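As a plain string of letters, each chain reads:
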Amino acid sequence: MTLSTASNFAKPDDAFRLVVEAHRGLSDETSAVLDAALVLVLANHIGDIDVLREAIAVAKRALTDPAAPAAGAA
Amino acid sequence: MSSGAVVQFGYSRHPDQECPSAAPAHHAVVVVGAGPVGLSLAIDLAQRGQPVVLLDDADRIGEGSRAICFSKRSLEYWDRLGVGARMVDKGVVWNIGRIYHGADQLYQFDLLPEDGHKMPAFINLQQYYAEAYLVDRVAELPGISLRWRNKVTALEQRNDQVVLMVETPEGPYRLAAAYVIACDGARSNLRQMVGADFDGQVFEDQFLIADVKMTAEFPTERWFWFDPPFHAGRSALLHRQPDDIWRIDLQLSPDADPAVERRPENVRPRIARMLGHDDFDFEWISLYKFQCRRMKRFVHGRVVFAGDAAHQVSPFGARGANSGLEDAENLSWKLVRVLDGSSPASLLQSYDIERSFAADENIRESTRSTDFMAPSSPAEARLRQAALALGRDTAFAKRMINGGRLSVPSVYPSPLSTPDGDAWSGGVVPGASLVDAPLATRDGAATYLSDAFAAAGKRFTLLQFANGAAIEPPADVAVIRIGESEPLADRAGLLAKRYDAAPGAAYLLRPDGYVAARFKHPTRAAIDAALARAVGEVWS
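Residues numbered from 1 in each chain as written. Chains lettered and ligands numbered in written order. Predicted model: local features only at pLDDT ≥ 70, side-chain atom pairs only at ≥ 80, totals over all residues. Heavy atoms only, no water.

Visitor: I'd like a rundown of the overall build of chain A, residues and numbers included.
Guide: What chain A contains, in helices and strands, is three helices and zero strands. Reading the secondary structure of chain A in the N-to-C direction produces α-α-α. Within chain A, the proportion of its 74 residues that are buried is 22%. Total accessible area on chain A stands at roughly 5,100 Å², and carbon and sulfur atoms take up 64% of it. (Helix = DSSP H or I, 4+ residues; strand = E, 2+ residues; numbered from the N terminus. Buried < 20%, exposed > 50% of the residue type's maximum accessible area, 1.4 Å probe, protein only. Areas by Shrake-Rupley, 256 points an atom, 1.4 Å probe, with all protein chains shown as cover.)

Visitor: Residue-level account of the sheet that holds strand β9 (residues 122-124) of chain B, with values.
Guide: Residues and elements named next belong to chain B. Pairing within the open sheet is antiparallel, and its three strands lie in the order β5-β9-β6. Here the strands that pair on one side only, and so sit at the sheet edges, are β5 (69-71) and β6 (92-94). Across this sheet, the average inter-strand angle for adjacent strands is 30°, counted without regard to direction. Pairing geometry for β6 and β9, over three bridges, is antiparallel. If you follow V93 over to β9, its bridge partner there is I123. Sitting on the sheet, helix α8 (residues 321-339) is in contact with β5 and β9, with an inclination near 40° to β5. (Pairing = 2+ DSSP bridges. Axes fitted to C-alpha atoms, helices over the stretch in contact; angles between N-to-C directions. Contact = heavy atoms within 4.5 Å.)

Visitor: Quick one: what's the story with the domain arrangement of chain B, residue by residue and with numbers?
Guide: Many analyses report the size of an interface as the accessible area lost when the parts associate. Residue and element names in this part refer to chain B. Examined at the domain level, chain B breaks down into domain 1 (7-92 + 116-199 + 294-365) and domain 2 (438-534). Each of domain 1 and domain 2 has a C-alpha centre, and these two points are 30 Å apart. If you look at the interface, domain 1 gives 15 residues, while domain 2 gives 15 residues. Across the domain 1/domain 2 interface, buried area totals approximately 1,300 Å², and carbon plus sulfur atoms make up 51% of it. In this structure, the connection of domain 1 to domain 2 is made through two salt bridges. Among the salt bridges present, the one from E354 reaches R510, with a minimum N-O distance of 2.7 Å. Counting every contact that joins domain 1 to domain 2 gives nine residue pairs in polar contact (both at pLDDT 80 or more). For the side of domain 1 that touches domain 2, the secondary-structure elements that each account for two or more residues are α2 (72-80), α8 and α9 (347-373). (Domains from an automatic or database assignment. Buried area = accessible area lost by both parts, 1.4 Å probe. Salt bridge = Lys/Arg side-chain N within 4 Å of Asp/Glu carboxyl O. Polar contact = N/O pair within 3.5 Å; in protein donor to acceptor, adjacent residues only side chain to side chain.)

Visitor: Explain the sheet that holds strand β7 (residues 96-101) of chain B to me, and be specific about the residues and the numbers.
Guide: All names here are of chain B. The strand order across the open sheet formed by eight strands is β8-β7-β15-β16-β17-β14-β18-β21, and the pairing between neighbours is mixed. At either end of the open sheet lies a strand with only one pairing partner, and these are β8 (104-110) and β21 (311-312). With six bridges connecting them, strand β16 (residues 235-241) and strand β17 (residues 245-252) associate as antiparallel partners. The residue bridging R240 from the neighbouring strand is W246, located in β17. Where α9 meets the sheet, its contacts fall on β14 (199-213), β15 (222-226), β16, β17, β18 (281-294) and β21, and the angle it forms with β18 comes to roughly 120°.

Visitor: Report on the packing of helix α1 (residues 36-47) of chain B against helix α4 (residues 127-140) of chain B, specifying residues and quantitative values.
Guide: All names here are of chain B. Contact geometry for α1 and α4: axes closest at 10 Å, N-to-C directions at 25°. The angle between the axes of α1 and α4 places the two elements in the roughly parallel class. For the element pair α1 and α4, the recorded crossing hand is left-handed. Along its contact with α1, which presents P36, L39, S40, I43 and Q47, the element α4 presents Q127, E131, L134, V135, R137 and V138. Of the residues that constitute the contact of α1 with α4, the class distribution is six nonpolar, three polar and two charged. (Parallel < 35°, antiparallel > 145°, perpendicular 65-115°, else oblique. Left-handed = near helix turned anticlockwise from the far one by under 90°. Nonpolar A, V, L, I, M, F, W, Y, C, P; charged D, E, K, R; others polar.)

Visitor: I'd love a proper account of unusual backbone geometry, names of residues and values included.
Guide: Residues and elements named next belong to chain B. One non-glycine residue, D227, adopts positive backbone phi at about 50°. Along the polypeptide, D227 turns up in the loop between β15 and β16. Residues other than glycine seldom take positive phi values, yet D476 does so here, at roughly 60°. As for its position among the elements, D476 is in the loop between β24 (461-465) and β25 (478-482).

Okay, structure coming up:
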């Protein structure tokens, strides 16, 4: 199995909002804990160390995004 | 700064104003508000033979371009109202949108990736042109009494009618109507008069809207930027309009001072940074905070609300004016049936059900877009940043980037629809609106399903894919028969494909062009039953 980065949700906006809503009302620190927990839950669900490794590599590319703003338009 | 193409209309006294206060003139329908929704509704009613009084408190149009993006569905509706060609001829046609992050394009989308549709995905057209063309159309039709500078100041609901107090330059008069349709905009007076709530979400971020006149060679596309180099950390949107006018939306911070920000000398450098030059003039500048909200019910006794008066959305997605036009299209035929007694008054509840569903969908979509542009917490901002960054080279993240989800008609979960009894693979489901397709007449001329539907009289219409003997339709149901030896042929096979239709299949279309029912092998009894349900005789 290799990592799929194709769009797998029929309604991607629903998935995005669901994650956003999960963070609603949480402090920044609590949000970070939720994210960490979510990553571990999903990683376990995938259950494939090579896919997880690949996912980490793809995600790390987001850290070097040249267009990333210094601060979000919060 | 010019104020656009202002058209001035005159007030003139109407004989109704001579009626004694105790015995006001009575009309079947009074529409309040001569904006795009009220005008379209009045035209639709008049074309169906229903006389209508149309009141507006102003006497001019053209204060700023306001709504500019008109959807395929709206154009198909306007085409049936006799103004489609004029709108498209003047408008700027577009199908393509592009999303940028920083200086780079993340992706582009095509809102009409297939051929064989009469109307494009969108046109951009200043609202004042749309209104002016609608006013011209009103003048061509018998049965519409359009009264400028007639302001409704009071409303009294009775069991059998509504009585309005109307203020004019020559003093007030009273007017009675079986039904009043309130199309009087987001700040609706009539909504306050019936005491209805109008609750929802207010967005703190402010958006600057500038229409600038310049000659430019940008393609006719919708361009949306997240964090562009010329407007760091925020979003921007560019649309082309007719007459070398360009619409620019710039997101500002929640704490920007509106009085300061809307001054032309402060807007100019922002726009110049975006365009890379200073060679433009302002047509219109406006500063907005957006709200997404709706009335709980759109039908209040004999007063029915449509357009912004009933529901308000943020502008990302072009869901304001377009959803108002869908309201008009949905309401018109139902109102006519209720007034002529061919349907029970409860048919109007289906307007509330169907258009409430659409309003919720429009509010949900435009709220999500606005939230994505202006995240409300650090966690949300991080998720957005991740989606934008991952969107550079992953398909899944591109689809999560929300720079506006553009208006498409809702698929109504409707009591008027007959659920499928056959197994269909695709096609147009009951509750969905007519999908256009190219057809050929017997002498080989090119036409469209949308034309055939309009020609059939905007009635209930049975779209039949010929296979042997035709089914005799119920009274007052028009028929469009498709086949090689029929008046219309599906030479390209696109109609059959889009409707998943083998020979023998039939679709029952409502007068607003929505699918009421469909059958692979229809019987007259099944069609009768579907029709009874679609006109509100049988409430499912």
